[in-house]
Amino acid sequence: MTRSVTVLAGAALIAASLNGPAFSQGAPQTVVLTKVDPASLATGYRVSKVVGATVVNDANETVGPIDDLIVTPSDKVPFAVLSVGGFLGMGTKYVVVPFNSLQVKDKKMMLPGATKASLMALPEFKYAANT
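Residues numbered from 1 in each chain as written. Predicted model: local features only at pLDDT ≥ 70, side-chain atom pairs only at ≥ 80, totals over all residues. Heavy atoms only, no water.

## A closer look at the environment of Gly-91
Heads up, the condition is: Secondary structure counts use DSSP, requiring at least four H or I residues in a row for a helix and at least two E residues in a row for a strand, with both numbered from the N terminus. Buried means the residue's accessible area, taken with a 1.4 Å probe over protein chains only, is under 20% of the maximum for its type, while exposed means over 50%, and partly exposed covers the values in between. Note on contacts: a residue pair is in contact if any heavy atoms of the two residues lie within 4.5 Å.
Within the element layout of this structure, Gly-91 appears in the loop between strand S3 (79–84) and strand S4 (93–98). For Gly-91, a relative accessible area of 59% translates into the label exposed. If we ignore the near neighbours within four places in the chain, the residues touching Gly-91 are Val-84, Gly-85 and Gly-86.

In structure tokens form, the structure reads like this:
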């Protein structure tokens, strides 16, 4: 009789564990899902292809490469960090422009109206030590 009770208790324990995942107590988590059109998304550009791309102005003059893309917690759009000025890595300065100010034309990243001088006049961007 004791053996039957032990077997039944073990079977009940196994059945209970197979019913579903165990959840820890605490605040419930929610995730908001948004439908995305894969066809329109496929026309976009991967970050790995954007970072390092040379940026030109509307006169097809090089103004600097894209060093990085940054998304802040409060802004939902990325910002492009451009490396401007300098020569062979000496005297370069990082500046930030909203990514939506860049245009892609003929497979080139363009920043209309930009010049090296106008970008050098922007405030310098410095990466935080912990990023």
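Once the structure has been displayed, the description carries forward.
## Brief notes about the nonpolar core
What counts is decided by this rule: By nonpolar core is meant a set of buried Ala, Val, Leu, Ile, Met, Phe, Trp, Tyr and Cys residues that side-chain atoms within 4.5 Å join together.
The biggest cluster of nonpolar side chains holds 15 residues, and the ones touching the most others in it are Val-55, Ile-66, Leu-82, Leu-102, Met-109, Leu-111 and Leu-119. When residues in this core are grouped by element, the largest group, three residues, is from S3. In this structure Leu-102 touches Val-55, Ile-66, Ala-80, Met-109, Met-110 and Leu-111, once residues within four positions along its chain are discounted.

## Some points on the packing of aromatic side chains
Put simply, the test is: Within 6.5 Å between ring centres, the rings of Phe, Tyr and Trp (the latter by its six-membered ring) count as paired, and their orientation is classed by plane angle as stacked under 30 degrees, edge-to-face over 60, tilted in between.
Using the criterion set out here, one finds two aromatic pairs in the structure. Summarising the aromatic geometry, the rings of Tyr-94 and Tyr-127 are spaced 5.5 Å apart at their centres and angled 75 degrees between planes, so their arrangement reads as edge-to-face. Highlighted residues: Tyr-94 in strand S4 and Tyr-127 in the segment after helix H4 (116–120), separated in sequence by 33 residues. Exposure remark for Tyr-94: the relative accessible area of 28% places this residue in the partly exposed category. On the accessibility criterion, Tyr-127 (33% relative accessible area) is partly exposed. Each ring, one from Phe-125 and one from Tyr-127, has its centre 5.1 Å from the other, and the planes form 80 degrees; the classification is edge-to-face. Among the aromatic residues, those joined into a cluster by ring pairs are Tyr-94, Phe-125 and Tyr-127.

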